[in-house]
Amino acid sequence: QVQLIESGGGLVQAGGSLRLSCTASGGTFSDYSMGWFRQAPGREREFVAAISRNGDNTYDADSVKGRFTISRDNAKNTVYLQMNSLKPEDTAVYYCAAALAYSFYHYFARESQYDYWGQGTQVTVSS
């Protein structure tokens, strides 16, 4: 059983930056592709970014491309989401997720592909 704990959320003004962290325990972190999703009030949860087991491959949603960067440190069992140029529409609860992957290079963009989820961290961007 893998446990995921997110941190780093908060309140920031539009144009500002935040870095989210997600630390895993209870499994072999490098066995998992990792992803970030978000859910705004009244909306369905949506994909944000994903990263392969070895960190070589990443994939971002069009809505965050060029502003957000996903990365991971397998030695620290942690995946990060660096968020720059934040907009009010980025306001949401952000979740990290882990997907057991056989390939070092694959990443996943669908919720159904993920096996474990964190509790989420709130990000609020004021205008």
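Rules used in this analysis
- Residues numbered from 1 in each chain as written.
- Predicted model: local features only at pLDDT ≥ 70, side-chain atom pairs only at ≥ 80, totals over all residues.
- Heavy atoms only, no water.
- Phe/Tyr/Trp six-rings, centres within 6.5 Å; stacked < 30°, edge-to-face > 60°.
- Helix = DSSP H or I, 4+ residues; strand = E, 2+ residues; numbered from the N terminus.
- Buried < 20%, exposed > 50% of the residue type's maximum accessible area, 1.4 Å probe, protein only.
- Lys NZ or Arg CZ within 6 Å of the ring centre and 35° of its normal.

## Side note on the packing of aromatic side chains
Inspection of every chain in the model, using the stated rule, returns nine aromatic pairs. Between Phe37 and Phe47, the ring centres sit 5.6 Å apart and the planes meet at 75°, which makes this aromatic pair edge-to-face. Taken as a pair, Phe37 in strand 4 (residues 32-39) and Phe47 in strand 5 (residues 46-51) lie far apart in primary sequence, 10 residues in all. For Phe47, a relative accessible area of 14% corresponds to the buried category. On the numbers, 6.5 Å between centres and 65° between planes, the contact of Phe104 with Tyr105 is edge-to-face. Take Phe104: its relative accessible area is 43%, and that puts it in the partly exposed class. Above the plane of the ring of Trp117 lies Arg45, whose end atom (NZ or CZ) is 3.9 Å from the centre.

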